[in-house]
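Spelled out from the first residue to the last, the chains are:
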Amino acid sequence: MHLAITYDVSSDANRRRVYRTLQRYGAWKQYSVFELEVSKTERVELEDELEGHIEPDDGDRIRIYRLCEACLDDISDIGSEP
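The rules behind these values
- Residues numbered from 1 in each chain as written.
- Predicted model: local features only at pLDDT ≥ 70, side-chain atom pairs only at ≥ 80, totals over all residues.
- Heavy atoms only, no water.
- Salt bridge = Lys/Arg side-chain N within 4 Å of Asp/Glu carboxyl O.
- Helix = DSSP H or I, 4+ residues; strand = E, 2+ residues; numbered from the N terminus.
- Buried < 20%, exposed > 50% of the residue type's maximum accessible area, 1.4 Å probe, protein only.
- Pairing = 2+ DSSP bridges.
- Axes fitted to C-alpha atoms, helices over the stretch in contact; angles between N-to-C directions.
- Contact = heavy atoms within 4.5 Å.

Caption draft 1: How the structure looks around the pattern of salt bridges. Tallying each qualifying case throughout the model produces three salt bridges. Among the ionic pairs, Asp12 bridges to Arg15, the shortest N-O distance being 2.6 Å. Of this pair, Asp12 and Arg15 both sit in helix 1 (residues 12-25), three residues apart, roughly one helical turn. Its relative accessible area of 21% is what places Arg15 among the partly exposed residues. Between Glu47 and Arg43 there is a salt bridge, and its shortest N-O distance comes to 2.7 Å. Linking Glu47 with Arg43, this pair stays in helix 2 (residues 40-51), spanning four residues, or about one helical turn.

Here it is in structure tokens:
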């Protein structure tokens, strides 16, 4: 499955952990945005790992969007390449 993941993490150390985790699974697209291609099992593992890297009480959050095939065909980039 194809995912787009965005994150807003207040602590620099936690933000680095989130970034490094996402980097193992997919491609950085722009500040705090990744695109990934993962299996269902990998998604569960990823979500569990990410949950351990954030502090919800500090306002941290991660949003995961599943992108369908039709959505992938309709992605446009404007501006410089990431």
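The structure having been displayed, the exposition proceeds.
Caption draft 2: Broad picture of the sheet that holds strand 4 (residues 61-67). Taken in spatial order, the four strands of this open sheet run 2-3-1-4, and their pairing is antiparallel. Looking at which strands have only one partner, the edges of the open sheet turn out to be strand 2 (26-30) and strand 4. Between one strand and the next, the sheet's axes are offset by a mean angle of 25°, whatever the strand orientation. In the packing of helix 1 onto the sheet, contacts are made with strand 1 (2-8), strand 2, strand 3 (33-37) and strand 4, and the angle to strand 3 comes to roughly 30°. Where helix 2 meets the sheet, it contacts strand 1, strand 3 and strand 4, and its direction lies at approximately 165° from that of strand 4.

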